[in-house]
Amino acid sequence: MAARPIFALLSVIFTAGAIVLIILTLLAGAIDSSATNKVYFLQAATSGIANAPPTSRWTFWNYCSSDSSSAVGLCNGVHPAYPLDPPSGRTFGTTEGVPPQFIGTRKFFYLTRFMFAFVLIGLFFAVCSLCTGLLALCTRIGAYVSGFLNMVGLFFQMLTAILMTVAYVQGRNAFRSNGNNATIGRYAFGFMWAAFACLLLSTVFFCLAGSKNRNNRDSTTSYSSKRSFLGRRSRSTRSRGSLRKDMV
């Protein structure tokens, strides 16, 4: 019976870890901090593009120059759901020197915009799961409710990670094909996929925590029924033996 709180505790720990990783990625570009300045989705050499800094980094909120360790002072403001759209007026406002894959298409715009919405939804359900996860330590229904909330958060986190990978890996390839050096951000990608893995594990552990008591109860009930049946059979056998003695 002690297995259920252990599974529930592991679930809470993994859920909390996923929330921390998502928040760290969300804060990148929005605040100036040594912990977040290295978190970005894409870095590309943009010196050949008019109105662009020598090197640009894209985050959830903006694009920033990486010429210094400071992030906020070198970013173009803070805008929610900032898209990967170099030719647009909100980024460079020109097509000169921009890789042709970004021109005349809205694919990257929609991929990165929806990614921001999905990560917020996933974070909301993960936080709800963390709150109800405290009930999972003592109740089976709390484990199932937390598992369901975690599963919803896991779904949207999976969508976020997939859209992130498709958009920014293709964006990196587009810059490279244009002769620009470009790399994806290992911290942002690592955090997003690690958050997905944490939510996956916590969902499994929440389900195990919910089913553990039921398995124990079924086993106990079966054992009690078997003992009761054997007891009745033993008493019945003794009664028949006594009856034979009386008849003799």
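In this text, all values refer to a predicted model and were calculated from it rather than measured experimentally.

Quick word on the packing of aromatic side chains
Consideration 1: Counted by the stated rule, this structure contains 20 aromatic pairs.
Consideration 2: Arranged with centres 5.6 Å apart and planes meeting at 65 degrees, the rings of Phe 60 and Phe 116 form a pair that is edge-to-face. Linking Phe 60 in the loop between β2 (55–58) and β3 (63–65) with Phe 116 in helix α2 (residues 107–136), this pair joins segments that are 56 residues apart in sequence.
Consideration 3: Judged by its relative accessible area of 2%, Phe 60 falls in the buried class.
Consideration 4: Residue Phe 116 is classed as buried on the basis of its relative accessible area, which comes to 8%.
Consideration 5: With 5.0 Å between their ring centres and 75 degrees between their planes, Tyr 63 and Phe 92 make a pair best called edge-to-face. Taken together, the residues Tyr 63 in strand β3 and Phe 92 in the loop between β3 and α2 connect sequence positions 29 residues apart.
Consideration 6: Looking at Tyr 63, the relative accessible area reads 9%, which means it is buried.
Consideration 7: For Phe 92, a relative accessible area of 3% translates into the label buried.

Some points on the UniProt feature "transmembrane region" (unreviewed entry) in the protein chain
Consideration 1: The UniProt feature table records "transmembrane region" (unreviewed entry) at residues 7–31, 114–136, 148–169 and 189–209.
Consideration 2: The span residues 7–31 is 84% helical and 0% strand by assignment, and the distance between its end C-alpha atoms comes to 36 Å.
Consideration 3: Overall, residues 189–209 shows 100% helix and 0% strand. The separation of its end C-alpha atoms is 30 Å.

Topic: the state of the cysteines
Consideration 1: Overall, the coordinates contain one disulfide when judged by the stated rule.
Consideration 2: Disulfide pairing is shown between Cys 64 and Cys 75; the S-S distance is 1.8 Å. When the S-S torsion is 100 degrees, as for the bridge of Cys 64 with Cys 75, the disulfide is right-handed. You can see Cys 64 sitting in strand β3 and its partner Cys 75 sitting in the loop between β3 and α2, a full eleven residues away along the chain.
Consideration 3: Residue Cys 64 is classed as buried on the basis of its relative accessible area of 5%.
Consideration 4: We classify Cys 75 as buried; its relative accessible area is 15%.

Focus: helix α3 (residues 140–177)
Consideration 1: Here α3 spans 54 Å end to end across 38 residues, near enough to the 56 Å set by a 1.5 Å rise per residue.
Consideration 2: Capping the start of α3, Thr 139 holds a side-chain oxygen 3.2 Å from the backbone nitrogen of Gly 142, two or three residues further along.
Consideration 3: At the exit of α3 stands Gly 179, carrying a positive phi of roughly 90 degrees.

Quick word on the sheet that holds β3
Consideration 1: Read from one edge to the other, the open sheet built from four strands follows the order β3-β2-β1-β4, with strand pairing classed as antiparallel. Only two strands of the sheet have a single neighbouring strand rather than two, namely β3 and β4 (182–184). Strand after strand, the sheet turns through a mean of 20 degrees between neighbouring axes, direction not considered.
Consideration 2: Direction of pairing for strand β1 (residues 42–45) relative to β4: antiparallel, over a ladder of three bridges. Bridge pairing in β4 links Ala 44 to Ala 182.

A few points about the pattern of salt bridges
Consideration 1: Summed over all chains, the structure comprises one salt bridge.
Consideration 2: Notably, a salt bridge pairs Arg 106 with Asp 85, separated by 4.0 Å at the nearest N-O pair. Of the two residues, Arg 106 is situated in the loop between β3 and α2 and Asp 85 in the loop between β3 and α2; the sequence distance between them amounts to 21 residues.
Consideration 3: On the basis of relative accessibility, which here comes to 8%, the residue Asp 85 falls in the buried class.

Criteria and thresholds
- Residues numbered from 1 in each chain as written.
- Predicted model: local features only at pLDDT ≥ 70, side-chain atom pairs only at ≥ 80, totals over all residues.
- Heavy atoms only, no water.
- Phe/Tyr/Trp six-rings, centres within 6.5 Å; stacked < 30°, edge-to-face > 60°.
- Helix = DSSP H or I, 4+ residues; strand = E, 2+ residues; numbered from the N terminus.
- Buried < 20%, exposed > 50% of the residue type's maximum accessible area, 1.4 Å probe, protein only.
- UniProt positions renumbered as here; feature names shortened; annotations may be inferred.
- Disulfide = S-S within 2.5 Å.
- Expected span 1.5 Å × (residues − 1).
- Polar contact = N/O pair within 3.5 Å; in protein donor to acceptor, adjacent residues only side chain to side chain.
- Pairing = 2+ DSSP bridges.
- Axes fitted to C-alpha atoms, helices over the stretch in contact; angles between N-to-C directions.
- Salt bridge = Lys/Arg side-chain N within 4 Å of Asp/Glu carboxyl O.

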